[in-house]
Structures are given as structure tokens and as C-alpha cells.
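A closer look at the structure
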Amino acid sequence: MVDYTTPVTTAFEMQRATIEQSQKALEQSVTFQQNVNNAVIDSLDTQESAQRRGVELSKTAFHSYLDAVEATVPGMAGPINEVRQAVDEQYDFLLENHAEVFDNLESEMTEGADAYDEMTEDYLNAVEEQVDMLVEAHEELESQSVEVAQQFGDQLEEVQEQVEEIQDQVEEVQAQAADAVEA
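Below: a short report on this structure.

About the thresholds
- Residues numbered from 1 in each chain as written.
- Predicted model: local features only at pLDDT ≥ 70, side-chain atom pairs only at ≥ 80, totals over all residues.
- Heavy atoms only, no water.
- Axes fitted to C-alpha atoms, helices over the stretch in contact; angles between N-to-C directions.
- Helix = DSSP H or I, 4+ residues; strand = E, 2+ residues; numbered from the N terminus.
- Parallel < 35°, antiparallel > 145°, perpendicular 65-115°, else oblique.
- Salt bridge = Lys/Arg side-chain N within 4 Å of Asp/Glu carboxyl O.

Taken N-terminus to C-terminus, the directions of helix α1 (residues 6-72) and helix α2 (residues 77-182) make an angle of 180°; their axes are 9 Å apart at the nearest point. The orientation of α1 with respect to α2, classified from their angle, is roughly antiparallel.

And the structure:
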């Protein structure tokens, strides 16, 4: 007896494997994006620190310049101190705003990442439900297809048996006719 169901079963198994692999790829891409979001948020402290050091270095360089002017130009101590105070106030204001901007940026990015995580969790749950329903329907279709293939195979075997019986009868009639012609 020939098994007509193996190719059908194999095709359905390959299709289900593809569906499941696609679902896993989607989940991995969402996880990757979540990791990227977290890495960006985590890097904000480093970026803020590096920028703050750059601003502070600029302030130090400006103070060095003022020190050089004060040392080389007599009688400039008073005006230089006024400039120094004004510069310090501006740099302090800049650093304060800088910290506030980064705090706000981190807060907004964290909220956005949390919203993304929540949305993708809902999306992945919906996809999982849909894939489960698809796989269930797919398995039912496979069962029906296997049954049809089995019935086809059984009918084909019956037809083959009938053809063999008819061939045997034809051969028998031919043999009888040949015997009758010889007699």
C-alpha cells in the first residue's frame, strides 16, 4: 500500500514551521527595537556628561584667556573680574539649562519607550492569538487534506485492483480464444 499522505503532511509541517519562524522573527525584531531604545536612553547620561565636560572646558579656557589678559594688561583686574563674573553667570545658566534639557529628554524618551513597549506587547499578544488561530485552522485543513489524500489513495488502489482483475479476465478470455482457435 502506497502512502499518499506523506507529501501532504510534509507540506503542511513546512508551512507551519514557516509561520512559527515568522512569528519568532517579528518578536525578535520588536525585542531588538526595545533594546535599541533602552541603549539610547542609557547613553544619555554619558552624552550629557561629555557635553558638560566640553562646556566646562570651554569655561576654563575662557578663564585662562582672561587670566592672560589680566596678567599682560595692567589695571584690567577690575573690568576682568566683572567679565569673569558675567561669564560665570552665563556658563552656570547654560549648565543649568543643559541639565534640565537632558532631564526632560530622558523623561520623554523613557515615556516614549514605555508606550512603545506597551503597544508592542499588545500587538505581539494579538499576533500570537491570530497565529494560534491560524495554526489551529491549518491543522484542521491538514487533517482534512490527509483524509482526502488517503481516500484518493484507497480509491486509486481499488481502481488498480479492478484493472488488474479485468486484465486477468482479458488474458483468460484470450487464452480460451486461442485454445478454441487451435482446437
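The next subject is the environment of Arg16. You can see Arg16 is positioned in helix α1. Distance from Arg16 to Val131, taken between C-alpha atoms, is 9.7 Å for residues 115 residues apart in sequence.

The next subject is the pattern of salt bridges. For the coordinates displayed, the defined rule picks out six salt bridges. Between Asp67 and Arg84 there is a salt bridge; the shortest N-O distance is 2.8 Å. Of this pair, Asp67 sits in helix α1 while Arg84 sits in helix α2, and the two are 17 residues apart along the sequence. Linking Arg84 and Glu70 is a salt bridge whose minimum nitrogen-to-oxygen distance equals 3.3 Å. Of this pair, Arg84 sits in helix α2 while Glu70 sits in helix α1; the two residues are 14 residues apart in sequence, bridging distant segments of the chain.

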